[in-house]
Amino acid sequence: MYYSQYFDLDVINGPGSRVTLFVSGCEHQCKGCYNQSTWSPSNGSFFDQETEDKIINDLNDLRIPRRGLSLSGGDPLYPTNLDGILKLVKRVKKECVGKNIWLWTGYTIEQLTPRQKTVVQYIDYLVDGKFEQQLVDPALKFRGSSNQRILAITKNDEFDGFAYAISKINAD
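What you see is a predicted model, and the numbers here were worked out from it, not measured in a lab. Throughout this document, residue positions are counted from 1 along each chain, in the order its sequence is written. Only residues with pLDDT of 70 or above have their local features reported here, since the model is predicted, and side-chain atom pairs are shown and tallied only from 80 upward, although totals for entire chains, interfaces and linings are computed over all residues. In computing side-chain values, all of the structure's heavy atoms are included and hydrogens and water are not.

### With respect to the overall build of the protein chain
Each helix is a run of H or I in the DSSP string that is no shorter than four residues. Each strand is a run of E no shorter than two, and both are numbered from the N terminus. When helices and strands are counted, the protein chain shows three helices and eight strands. Secondary structure elements of the protein chain, listed N to C terminal, follow the sequence β-β-β-α-β-α-β-α-β-β-β. Only protein chains enter the calculation, and the probe is 1.4 Å; a residue is then buried if its accessible area is under 20% of its type maximum, exposed if over 50%, and partly exposed in between. Scored against the burial criterion, the 172 residues of the protein chain give a buried share of 48%. Contact definition: two residues touch when any of their heavy atoms are within 4.5 Å. Long-range pairs, those at least 24 residues apart, make up 59% of the contacts in the protein chain with a sequence separation of at least 6. Here the Shrake-Rupley method, with its probe set to 1.4 Å, supplies the accessible areas, and only the displayed protein chains count as covering residues. As presented, the protein chain carries roughly 8,900 Å² of accessible surface, and 51% of it is formed by carbon and sulfur atoms.

Take a look at the structure:
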């Protein structure tokens, strides 16, 4: 897995202060995308153990409290990213108690493969759907176009390991 950018402190991509990883690789190639440089899966830097450790350490840094991890891109659920993202979200859930995970993807939740669903069951919020330039609304929080949904993910063993609800997110 490759990534194009990592921000150890971010207040734009999700509620509160966070760390944000922009991964490389996206098959959606949405018209008007502001992250076109992330479309190629081999663009940027290789995501190695050192980078993963830095994310965990930054999330646990008490000097600058962060609310959680934001995963964007490219697309974190792009097939070649799944192993790296799954390892990272599992580790965050285990080692960063109380931190939430937001993930942005161009796939809708209904389109997810079983492997992608495995990742989603470890996150807290999924922003799904392709960016649609004709549906841009600057008033939207945490999404670029009105077709995209913010889904709260909850653990539910009766439904493929997770369930979701369309949620209005309070951005305070």
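So much for the structure itself; the text now carries on.
### Digging into helix α1 (residues 49–59)
Buried within α1 are the following residues: Thr51, Glu52, Ile55, Ile56, Asp58 and Leu59. Mapping the buried residues of α1 onto a view down its axis gives an arc of 165°, with all of them on the same face. Turned more than 90 degrees away from the buried face of α1, the exposed residues are Glu50 and Asn57. If you follow the buried residues of α1, they end up packed against β1 (2–10), β2 (18–23), β3 (45–46), β4 (68–73) and α2 (82–95). What the arc measures is the spread of directions leading from the helix axis to the C-beta atoms.

### Description of the layout of surface pockets
Space inside the largest pocket adds up to approximately 580 Å³. As for the largest pocket, its lining consists of 29 residues, of which Tyr34, Ser72, Trp104, Gly144 and Gln148 are closest to the centre. Each residue gets one label: Ala, Val, Leu, Ile, Met, Phe, Trp, Tyr, Cys and Pro are nonpolar, Asp, Glu, Lys and Arg are charged, and the others, such as Gly, are polar. A per-class count over the lining of the largest pocket returns 11 nonpolar, 14 polar and four charged. Using protein atoms alone on a 1 Å grid, points that fit a 1.4 Å probe yet trap it form a cavity, whereas open point sets bounded by protein on both sides within 12 Å along at least five of seven lines form a pocket; residues with an atom within 4 Å of a point count as lining. Grid points are joined across faces, edges and corners, and a volume is the space filled by probe spheres set on the points.

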